[in-house]
Amino acid sequence: MGLFNTLKDKAIADRQRIILPEGTEPRTLQAANQVIADGIADITLIGDPAKILDEAKELGLTHIGEARIIDPNDENFTEKYAQLFYELRKSKGITIEDACKKVKDPLYLGCLIIKSGEADGQVAGARNTTGNVLRAAFQVIKTQPGISVVSGAFLMLLPAGSPYGTDGMMVFADCAVVPAPTAPELAQIAIATAKTARDIANIEPRVAMLSFSTKGSASHENVDKVVEATKLAKEIDPTLAIDGELQADAALVPSVGLSKAPGSNIAGHANVLVFPSLDVGNIAYKLVQRIGNAQAVGPILQGLARPVNDLSRGCSPEDIYKTIIITCNQAIGMKNK
């Protein structure tokens, strides 16, 4: 059974409540229709109800009427969320009038519904920038306890027969969000990525903290950062299988790992790669995707207190459908923590 079939079955067995704030967007509606038809999640669409239903009719979507549809301009509905946003942000100087305006923004309204406990996750970005999607999530949902940074992981599905990873799967991070993480941030990214490996890839993480040095083979402040991050990650979670600093070949190839890092339980066997900067992570996943013929699934946003995932504005309905499935599994993992 393929990964997404496994994740789909898991979502069906433990249905989550997912908000799609871009409710009038055609690709989003097509994905929502299929999610509802397949019984994957309970869907909430935010937008003008008449426009949503007209668009669904024009597209021939027969299940959109089963979704919960919320009008962000219905003040009778949004009043309580405006009060919630005011309480969350009043220390930042916002007024109740500001809050009433903000809840008309579907991205914020969706996050506030999640914050109130009435939904489990959100998927957006078909029409909105990553910055807008993340800003709403940061201000309302915030990060998990002990985590101050949100990062982006990619699940890498390697070609059949690949000797790397676990069952042809690896997880790479951060490839999408943090340009130059500090040592504490890098440690948090490692912890969050290990959780993504468990919740989404269904693999037990073996985390390699990558560098251009292996166990002191080079000296540089960038190496020191990775060494410190590895130490901090071990302190945060002593049960985590993690090692660093490791070069990529030492992390992946058993003979090289044995030679360069003898005694390491990670070297040569890593299935989670944590990169020292966004430059490295973004370049690496795209090289593996294009030259290595791997399938890259993501970015999967990690570190938030509740799952919010960002789409590319060039996404397809299938991309949105799969992201909803991933978001459901993140929500299930958070509840089972």
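Bear in mind the structure is a predicted one, so any value in this text is a computation, not a measurement.

Another aspect to go through is the sheet that holds strand β10 (residues 295–302). Pairing is mixed in the open sheet, where six strands are placed in the order β8-β7-β9-β6-β5-β10. This sheet does not close on itself; its edge strands, each paired only once, are β8 (242–246) and β10. Strand-to-strand twist in this sheet, taken as the mean axis angle between neighbours without regard to direction, amounts to 20°. With six bridges joining them, strand β5 (residues 151–157) and β10 adopt antiparallel strand pairing. By the bridge assignment, L155 is partnered in β10 with V297. Along the sheet face, helix α8 (residues 183–201) touches β5, β6 (169–173), β7 (207–210), β8, β9 (272–274) and β10 and points at about 150° away from the line of β6.

Turning next to the packing of aromatic side chains. Working definition: an aromatic ring pair is given by the centre-to-centre distance plus the angle between the planes. Under the defined criterion, the tally for this structure stands at four aromatic pairs. Taken together, a centroid distance of 5.6 Å and an interplanar angle of 85° make the contact between F85 and Y108 edge-to-face. Of the two residues, F85 is situated in helix α4 (residues 75–89) and Y108 in helix α6 (residues 106–115); the sequence distance between them amounts to 23 residues. Comparing F85 with Y108 shows no difference in burial state: the two are buried. Taking the centre distance of 3.8 Å and the plane angle of 15° together, the rings of F154 and Y285 count as stacked. Taken together, the residues F154 in strand β5 and Y285 in helix α12 (residues 278–290) connect sequence positions 131 residues apart. You'll find F154 and Y285 in the same group, each marked buried. Taking the ring centre of Y108 as reference, the NZ or CZ of K102 above it sits at 4.6 Å.

About the criteria used
Residues numbered from 1 in each chain as written. Predicted model: local features only at pLDDT ≥ 70, side-chain atom pairs only at ≥ 80, totals over all residues. Heavy atoms only, no water. Pairing = 2+ DSSP bridges. Helix = DSSP H or I, 4+ residues; strand = E, 2+ residues; numbered from the N terminus. Axes fitted to C-alpha atoms, helices over the stretch in contact; angles between N-to-C directions. Contact = heavy atoms within 4.5 Å. Phe/Tyr/Trp six-rings, centres within 6.5 Å; stacked < 30°, edge-to-face > 60°. Buried < 20%, exposed > 50% of the residue type's maximum accessible area, 1.4 Å probe, protein only. Lys NZ or Arg CZ within 6 Å of the ring centre and 35° of its normal.

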